[in-house]
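Okay, here's what each chain looks like letter by letter:
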Amino acid sequence: FPNKTHPGDNAGHLPDLNTVTVCGSKKTKMVRVAFIHPDLGIGGAERLIVDAGLALKGEGHNVHMFTAHHDTDHCFVETRDGTLGVTCAGDWLPRHCCNLGYAFWAYLRMVYVAMYLVFFSGEQFDVIICDQVSACIPALRCSGAKILFYCHFPDQLLTQRKSFLKRVYRWPIDRLEEKTTGMADAVLVNSNFTADVFLSTFKSLEHIRPTVLHPSLNFVAFDRPSSGIPDVIPPQAKHMFLSINRYERKKNLPLAIEAFAILLEKLGSSERSRAHLVVAGGYDERVIENREHYMELRTLAENLEVADRITFLRSFTDDQKIGLLDHCTALLYTPSNEHFGICPLEGMYMRRPVIAVNSGGPLETVLSGKTGFLCEPTPAAFADKMLYLTCNPRVAEEMGQTGRDHVVQNFSFEAFTRKLNSTVAELVA
């Protein structure tokens, strides 16, 4: 079981449960918590897991991360600088076989990590939190720990079944997902939208009522000053629109490019020269879709003759993200039926209006007409709101401030911490 460990300040031998911490006025025992996640890279799911680890560690619990892949050049800084201890096991297992079987290998890699954690890590935990892949739960239950499963979205809904062979391949995987999800001691979901989808998808789990735990923002990470926008952004870009999403087709990034092309047609020549679009997001060279979709987007921009007005950033830094959010006119959020979507919260906290699709998670985060706009997923609808904000900077400023207040009141890291800590305490009570 070859593995590597980035220890953090709480790795190694875990202290016993006699340690106590004060949460408000209530004393609770320190709990030993393990997180198990497929790939600790850069993305919304990874950000949530890291924030959950930071939240529980801040409450005095002992936290350690287990994963099948952790690239220190492509991860959140808290998993690299020792803030959170990370153990990687099973990275030698393939991610696919001839570009086939991604789900099978993802499940196998997570089961491998679970077996390492339970039988070979030499550590014992009171609560194990896993997400994305539930197939590892049977192995995790052998540890005697309480299992908390965080469902970002049912995995079986994230793929298509266009062929008979694909349907045959997915049938046992889908059944396994439903069966093993039901073996968790508690289930969390990221939004009311996902909760409804969970209940309609897993018919045999109607007895389970998942608890909604909205992702949050760690405001401290966004309050620090940035070094400004990246040098690749033209200095004359006064009207800069920003899209932040992974380079995946399901994120519908062409919508941002096509809407921007329409916006340029509607602007006068002087304003057109100062308009710019930044397409920024997570990018992993190991992922074929990332490479292919990046080239597809560049080709689209060239075909629409707007390539010289668009900057593509791949796997940008946290400092660059803060700089971009601080200088953009608005944030464009293009996925349809997104499970939650952390980027709109980031944009609103940075006092930027958000233009998002009127479905999924943004329905619970963006107040249309107050903190931005919820639109039909068409280039014309997005371009119309982009033009409005370009021509009405005062309105954009007012929406930005309203958005900031909305996030602070409803999606604080403190509220996220309280709810997660309460859930963990109930499990071990």
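The structure presented is a predicted model; accordingly, all values stated were derived computationally and were not measured.

(A) Local environment of the sheet that holds strand S15 (residues 354-357). Taken together, six strands build an open sheet; the order of strands is S13-S12-S11-S14-S15-S16 and the sheet is parallel. Of all strands in the sheet, those with a lone pairing partner are strand S13 (310-314) and strand S16 (372-375), marking the two edges. Between one strand and the next, the sheet's axes are offset by a mean angle of 20°, whatever the strand orientation. Helix-sheet contacts for helix H7 (residues 254-266) involve strand S11 (239-244), strand S12 (275-281), S13, strand S14 (330-333) and S15, and the interaxial angle to S12 is about 175°. Strands S11, S12, S13 and S14 of the sheet are contacted by helix H10 (residues 318-327), whose axis makes an angle of about 135° with S11.

(B) Representation of the packing of helix H1 (residues 44-58) against helix H15 (residues 413-428) within the structure. Across the interface, H1 lies against H15 with an axial gap of 9 Å and an inter-helix angle of 75°. Classified by the angle between their axes, H1 and H15 sit roughly perpendicular to one another. Two secondary-structure elements touch here, H1 through Leu48, Asp51, Ala52, Leu54, Ala55 and Leu56 and H15 through Phe413, Phe416, Thr417, Leu420, Asn421 and Val424. By residue class, the composition of the contact of H1 with H15 is nine nonpolar, two polar and one charged.

(C) Quick look at the confidence of the model for the chain. When the pLDDT values of the chain are averaged, the result is 90; 93% of them are 70 or greater. A low-confidence stretch, residues 9-25 stays under pLDDT 50, and its non-local contacts, those more than four residues away or across chains, total 37 contacts.

(D) Seen up close, helix H9 (residues 288-303). With 16 residues, H9 should reach 22 Å at 1.5 Å per residue; the first-to-last C-alpha distance of 23 Å fits that figure. On its buried face, H9 sits against H7 and S13. Once H9 ends, the next one or two residues include glutamate 305, with phi positive near 60°.

(E) Inspection of the side chain of threonine 181 at higher detail. By the secondary structure assignment, threonine 181 is in helix H4 (residues 164-181). A distance of 2.7 Å separates a polar side-chain atom of threonine 181 from the backbone oxygen of glutamate 177. Not counting chain neighbours up to four residues away, the residues in contact with threonine 181 comprise Ser134, Ile137, Phe149, Val187, Phe198, Phe202 and Leu205.

(F) Local environment of the layout of surface pockets. Here the second largest pocket is characterised by a volume of approximately 290 Å³. Along the wall of the second largest pocket there are 15 residues; nearest its centre are Cys328, Thr329, Pro393, Ala396 and Glu397. Elements with a minimum of two residues in the lining of the second largest pocket: helix H13 (379-391) and helix H14 (393-410). Sort the elements by how many residues they give to the lining of the second largest pocket and H14 lands first, with five residues. Split into classes, the residues belonging to the lining of the second largest pocket amount to five nonpolar, six polar and four charged.

(G) View of unusual backbone geometry. One non-glycine residue, cysteine 98, adopts positive backbone phi at about 55°. Topologically, cysteine 98 is positioned in the loop between strand S6 (85-89) and helix H2 (102-120). With a phi close to 50°, asparagine 337 is a non-glycine residue in the positive phi region. Structurally, asparagine 337 is set in the loop between S14 and helix H11 (343-349).

(H) Molecular detail of the pattern of salt bridges. Overall, the coordinates contain 22 salt bridges when judged by the stated rule. In this structure, glutamate 271 engages arginine 274 in a salt bridge whose closest nitrogen and oxygen atoms are separated by 2.5 Å. Judged by relative accessible area, glutamate 271 falls into the partly exposed class, the value being 23%. For arginine 274, a relative accessible area of 29% gives the class partly exposed.

(I) Main features of the pairing of strand S4 (residues 32-37). Within S4, six of the six residues are buried, which leaves it mostly tucked inside the rest of the structure. Taking every second residue as pointing to the same face, both faces of S4 are buried, with Arg32, Ala34 and Ile36 on one and Val33, Phe35 and His37 on the other. Alignment of S4 against strand S5 (residues 62-67), held across six bridges, turns out to be parallel. Residue pairing in the sheet places phenylalanine 35 in a bridge with methionine 65 of S5. Read as a crossover between parallel neighbours, the route from S4 over H1 to S5 is right-handed. In terms of strand pairing, S4 meets strand S7 (residues 127-131) through four bridges, oriented parallel. The residue bridging phenylalanine 35 from the neighbouring strand is isoleucine 129, located in S7.

(J) View of H15. The terminal C-alpha atoms of H15 lie 23 Å apart, and with 16 residues this matches the ideal 22 Å at 1.5 Å per residue to within 8%. By the burial criterion, the buried members of H15 are Phe413, Phe416, Thr417, Leu420, Asn421, Thr423, Val424 and Leu427. Each buried residue of H15 sits inside an arc of 155° when the element is viewed along its axis, so together they form one side. In H15, the exposed positions that point more than 90 degrees away from the buried face belong to Arg418 and Glu426.

(K) Spatial organisation of the pairing of S6. Within S6, five of the five residues are buried, which leaves the element mostly enclosed by the surrounding structure. Residues of S6 alternate between two faces, with Gly85, Thr87 and Ala89 on one and Val86 and Cys88 on the opposite face, all of them buried. Pairing between S5 and S6: four bridges, direction parallel. Looking at the pairing, histidine 64 lines up with glycine 85 of S6.

The rules behind these values
- Residue positions are given per chain, counted from 1 along the sequence in the order it is written.
- Where totals are concerned, whole chains, interfaces and linings use all residues; where local detail is concerned, this predicted model gives features only for residues with pLDDT of at least 70, and gives and counts side-chain atom pairs only at 80 or more.
- As a rule here, side-chain values come from all non-hydrogen atoms in the structure, and water together with hydrogens is ignored.
- A pair of strands is considered paired only if DSSP assigns at least 2 bridges between the two.
- Runs of E in the DSSP output that reach at least two residues are strands. Runs of H or I that reach at least four are helices, and both are numbered from the N terminus.
- Geometry is summarised by axes, namely lines fitted to C-alpha atoms with helices restricted to the contacting stretch, and by angles between N-to-C directions that run from 0 to 180 degrees.
- A contact between two residues is defined here by any heavy atoms of the two lying within 4.5 Å.
- Roughly parallel here means an angle under 35 degrees, roughly antiparallel means over 145, roughly perpendicular means 65 to 115, and every remaining angle is called oblique.
- Asp, Glu, Lys and Arg are counted as charged, while Ala, Val, Leu, Ile, Met, Phe, Trp, Tyr, Cys and Pro are counted as nonpolar; the rest, among them Gly, fall into the polar class.
- Confidence of the predictor at the level of single residues is given by pLDDT, which spans 0 to 100.
- Multiply 1.5 Å by the residue count of a helix minus one, and that product is the helix's expected span.
- Here a polar contact means two N or O atoms within 3.5 Å. Within protein one must be a hydrogen donor candidate and the other an acceptor candidate, and residues neighboring in sequence count only if both atoms are side-chain atoms.
- Buriedness for pockets is judged along seven lines, at least five of which must meet protein on both sides within 12 Å for an open set on the 1 Å grid over protein atoms alone, while cavities are sets there where a 1.4 Å probe fits but cannot get out, and lining residues have an atom within 4 Å of a point.
- Grid points are joined across faces, edges and corners, and a volume is the space filled by probe spheres set on the points.
- Any Lys or Arg side-chain nitrogen found within 4 Å of a carboxyl oxygen on Asp or Glu counts as a salt bridge.
- Exposure classes here rest on a 1.4 Å probe applied to the protein chains alone. A residue is buried below 20% of its type maximum, exposed above 50%, and partly exposed in between.
- Handedness is read with the strands pointing away from the viewer; a crossover is right-handed when the path from the first strand over the helix to the second is clockwise.
- Directions drawn from the helix axis to the C-beta atoms are what define this arc.

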